[in-house]
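# Results of the structural survey
Read off the chains here:
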Amino acid sequence: PYGEVRISNLPIAPGDDYFVEVWSTSATQGYAYLVNESTDQSVEIGFTAPAGTTLVGNSAEWIVERPSVGGSLATLTNYVDDVFWNSYGVTFAYSVYDPSSASSYGIVGLDNSGHAESYPTLLGPAAFLMQTEGTAY
């Protein structure tokens, strides 16, 4: 339930490859490590769970979304597909799960009117493709 964080010191351009790792060190502290593999630049960000919230460690989400800007949702990027390679989750008990072991898959992308826009397709163990069924605009 953490809000967005603007990262101004890690530029991104169309076609760049990114590595992202997210983990927690306690029930209230988490981190994200992002690497732009195209430019060999990286940043690590710490997160503290909001008051009254704890990190349970029993779910993982890979999301393609549009942020809010100035209190309103930004226009969804008009993408065709977004591939997630080497994608897996590890529980606090060190059980490893990849997307092919999930019991269900849901729609995670919504267009600018709130309608379903993006759908996951498994490519194999630890790999899936998020793709749009049309245009985001």
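Located above this text is the structure these notes cover.
Structural notes, computed from the coordinates. Quick caveat, the model's predicted, so the values are computed rather than measured.

### Quick notes on the overall build of the protein
Along the backbone of the protein there are 0 helices and 11 strands. Scanning the protein from its N terminus toward the C terminus, one meets helices and strands in the order β-β-β-β-β-β-β-β-β-β-β. In the protein, which comprises 137 residues, the proportion classed as buried is 23%. For the protein, contacts bridging at least 24 residues in sequence account for 44% of all contacts bridging at least 6. On the protein, roughly 9400 Å² of surface is accessible, and the fraction owed to carbon and sulfur atoms is 52%.

### Overview of the pairing of strand β2 (residues 29–36)
By the criterion of burial, β2 is predominantly enclosed, with 6 of the 8 residues buried. As paired elements, strand β1 (residues 18–24) and β2 share 7 bridges and run antiparallel to each other. Residue pairing in the sheet places Val-20 in a bridge with Leu-34 of β2. Between β1 and β2, which pair antiparallel in sequence order, lie 4 residues. Bridge analysis of β2 against strand β3 (residues 41–48) gives 8 bridges, and the strand direction is antiparallel.

### Focus: the nonpolar core
Ranked by size, the top nonpolar core spans 5 residues in total: Leu-10, Ala-32, Leu-34, Val-43 and Ile-45. Sequence-distant contacts of Ala-32, defined by excluding residues within four places in its chain, comprise Glu-21, Val-22, Trp-23, Val-43, Glu-44, Ile-45 and Phe-47.

### Brief notes about the environment of Phe-19
In this structure, Phe-19 sits in strand β1. A residue is classified by how much of its surface remains accessible, and Phe-19, at 34% relative accessible area, is partly exposed. Separated by 15 residues in the primary sequence, Phe-19 and Leu-34 place their C-alpha atoms 5.8 Å from one another. When neighbours within four sequence positions are excluded, Phe-19 is seen to be in contact with Tyr-33, Leu-34, Val-35 and Glu-37.

### Details of the environment of Pro-11
With respect to the secondary-structure elements, Pro-11 resides in the segment before β1. The partly exposed category is assigned to Pro-11, whose relative accessible area is 47%. Spatially, the C-alpha atoms of Pro-11 and Asn-36 are 7.9 Å apart, while their sequence positions differ by 25 residues. For Pro-11, the contacting residues outside a window of four places in its chain are Asp-16, Tyr-18, Asn-36 and Gln-41.

### Here's the deal with the packing of aromatic side chains
Here a ring pair, both rings aromatic, is described through the centre-centre distance and the interplanar angle of the planes. Within the structure shown, the criterion is met by 2 aromatic pairs. Where Phe-19 meets Tyr-33, the ring centres are 6.4 Å apart and the plane angle is 70°; that geometry is what we call edge-to-face. Linking Phe-19 in strand β1 with Tyr-33 in strand β2, this pair joins segments that are 14 residues apart in sequence. For Tyr-33, a relative accessible area of 28% gives the class partly exposed. Arranged with centres 5.6 Å apart and planes meeting at 20°, the rings of Trp-23 and Tyr-31 form a pair that is stacked.

Rules used in this analysis
- Residues numbered from 1 in each chain as written.
- Predicted model: local features only at pLDDT ≥ 70, side-chain atom pairs only at ≥ 80, totals over all residues.
- Heavy atoms only, no water.
- Helix = DSSP H or I, 4+ residues; strand = E, 2+ residues; numbered from the N terminus.
- Buried < 20%, exposed > 50% of the residue type's maximum accessible area, 1.4 Å probe, protein only.
- Contact = heavy atoms within 4.5 Å.
- Areas by Shrake-Rupley, 256 points an atom, 1.4 Å probe, with all protein chains shown as cover.
- Pairing = 2+ DSSP bridges.
- Core = buried A, V, L, I, M, F, W, Y, C linked by side-chain atoms within 4.5 Å.
- Phe/Tyr/Trp six-rings, centres within 6.5 Å; stacked < 30°, edge-to-face > 60°.

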